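Architecture and fold: a report
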Amino acid sequence: MLKALLPSNYLPILVFFFIALAFGVVTIVAGYLVRPKNTYDQKLTPYESGILPETDARQRFPLRYYLIAMLFVLFDIEMVFLYPWAVSFNQLGLFALVEMILFLTILFVGYFYAWKKGALEWD
Amino acid sequence: MDLIIQIVVIVVHIAVVLGVVLTHVAYLTYAERKILSDMQDRLGPMEVGPHGLLQPLADGLKLFFKEDIIPAGANKIIFSAAPILVLVPALIGFAVVPFGRDSFFIGSIEFTPYITDINIGLLYVLAFSSIGAYGILLGGWASNSKYALLGGLRSAAQVISYELPLGLALVGPVLLSGSLSMKTMTEAQGGGFWHWYVITQPVAFVIYMICAIAETNRLPFDMPEAESELVAGFFTEYSGMRFSFFFLAEYANMILVSCVAVVAFLGGWQAPLAALDFIPPIFWFLAKVYFLLFFYIWLRATVPRLRFDQLMAFGWKIMLPLALVNVLLTSIVKYFLN
């Protein structure tokens, strides 16, 4: 029944996933049973070089991280696009080459636009 | 019945690979300490066992019995889940790595030198290695500590920035071999070291190695940890077993990226010369992986840490366009050579 649901090559990956998960969970749970549990307030304060933290740690953080994530999504999609192209390059011939040169040219224009706009600057 | 046998065989494969990988992780920490201390003209761990050989076991036991602290104000569920979210992808990436050439048989049951061979092997490794970034980000955020939050954010930004050139560098070998299966890719590099893709794709290899170091947060790109400014980065608040999971995952990832580098660029289990074929393929595979791991440790002893803005500028302004141009040139050359 399982075979019908899943190509047999992928069954080991599913099994491996559960074994790795079990390894993690079992180790933590086993550790929980044997390790000392002796906590008090001072021990539980977040590390701050011995000073009591005054505010919540989760404050606003620079927008640049968000910008990097946006750029990443754009370029990552394009990267994933290149994989099937690379695999079938031999069968597709000149058509694939010209298409990809056009695609990458447009991408480069966008890349330099982002660069000139300062999206890649960090300060 | 058939399915039960199949699953038993799979579990045996996984147990062997997991055992070998975890042993390597343990002794990689030992090797790192020993090599570093040798380069700095000191002895390194010497107390536990002869030449400190049992040190990794002692460290593991110590971490297992250490108190596990969840800081006040931390998000308990995310804080607990993050180390597992980092560890699992680092381990299951090994499912598609072909360690050797020949299967052996017990009766009619085949034992292959890899757990499975899927036709999108390389994509699978890349996909799961990016999931690890979530664990780092969530762990840093859930800790309720400034250092951990900053470390997590930096790490996420760094990992996604270097993921692009890393993926693009691997397009080169995919173009040349016409396959994403790691087994087919290894087989395509047979017949001597001049067939290895490191010879035809030297730029891609250098880009891959640099990005792999950044992906695994190793020196000189260990900005997320940067102990001189962020204490311990995203795992500042972690202790005991959960801390060791981040540690385990980092070293398992180091081994995994080395394995991928060996398969994609250094010919996998292929011997450098046909005359050396009598030495078992697994030996060549391990020798190449060990060399790359030594190279990692060597770098750590040699190169100082970069500044974060330098790191991001290097990734986006040099590595990314270089990797794109490499893909473009490779495809043009390949088309005209056909």
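Residues numbered from 1 in each chain as written. Chains lettered and ligands numbered in written order. Predicted model: local features only at pLDDT ≥ 70, side-chain atom pairs only at ≥ 80, totals over all residues. Heavy atoms only, no water.

Another point: the pattern of salt bridges. Residues and elements named next belong to chain B. Counted under the stated rule, the structure contains 5 salt bridges over all chains. Note that E32 and R300 form a salt bridge whose closest N and O atoms lie 2.9 Å from each other. Taken together, the positions of E32 in helix α1 (residues 2–39) and R300 in helix α11 (residues 281–302) put the pair 268 residues apart, joining distant regions of the chain. Since its relative accessible area comes to 2%, E32 is described here as buried. A salt bridge links R33 to D59, with the nearest nitrogen and oxygen atoms 3.2 Å apart. Residue R33 is located in helix α1, and its partner D59 is located in helix α2 (residues 55–64); the two are separated by 26 residues in the primary sequence. According to the relative accessible area criterion, R33 is partly exposed, its value standing at 37%. (Salt bridge = Lys/Arg side-chain N within 4 Å of Asp/Glu carboxyl O. Helix = DSSP H or I, 4+ residues; strand = E, 2+ residues; numbered from the N terminus. Buried < 20%, exposed > 50% of the residue type's maximum accessible area, 1.4 Å probe, protein only.)

Core analysis: the biggest nonpolar cluster contains 129 residues, and W85 of chain A together with F94, L170, Y208, F265, F285 and W316 of chain B have the highest contact counts within it. Of all the elements, helix α10 (residues 240–265) of chain B adds the most residues to this core, at 18 residues. Two domains each provide a minimum of three residues to this core, namely domain 1 (9–40) and domain 2 (64–116) of chain A. Apart from the residues within four sequence positions on either side, W85 of chain A is in contact with A96, L97 and M100 of chain A together with V171, L175, V327 and S331 of chain B. (Core = buried A, V, L, I, M, F, W, Y, C linked by side-chain atoms within 4.5 Å. Domains from an automatic or database assignment. Contact = heavy atoms within 4.5 Å.)

Residues and elements named next belong to chain B. With the rule as written, the count across this model stands at 0 disulfides over all chains. Counting only cysteine sulfurs, C259 is the nearest neighbor of C211, a cysteine outside any disulfide, at a range of 18 Å. Judged by relative accessible area, C211 falls into the buried class, the value being 0%. (Disulfide = S-S within 2.5 Å.)

Below, the discussion takes up the interface of chain A and chain B. Taken together, the 68 residues of chain A in the interface contact 83 residues of chain B. Of the roughly 6,900 Å² buried between chain A and chain B, counting both surfaces, carbon and sulfur atoms make up 76%. When the area that chain A buries against chain B is broken down by residue, the three leading residues are F16, R58 and Y83 of chain A, summing to 12%. Taken together, the connections running from chain A to chain B amount to 0 salt bridges. Listing elements by their share of the side of chain A that touches chain B, those giving two or more residues are α1 (2–5), α2 (11–34), α3 (41–44), α4 (64–87), α5 (89–92) and α6 (94–116) of chain A. It is α2 of chain A that provides the largest number of residues to the side of chain A that touches chain B, a total of 17 residues. For the side of chain A that touches chain B, the per-class residue count stands at 45 nonpolar, 12 polar and 11 charged. (Buried area = accessible area lost by both parts, 1.4 Å probe. Nonpolar A, V, L, I, M, F, W, Y, C, P; charged D, E, K, R; others polar.)

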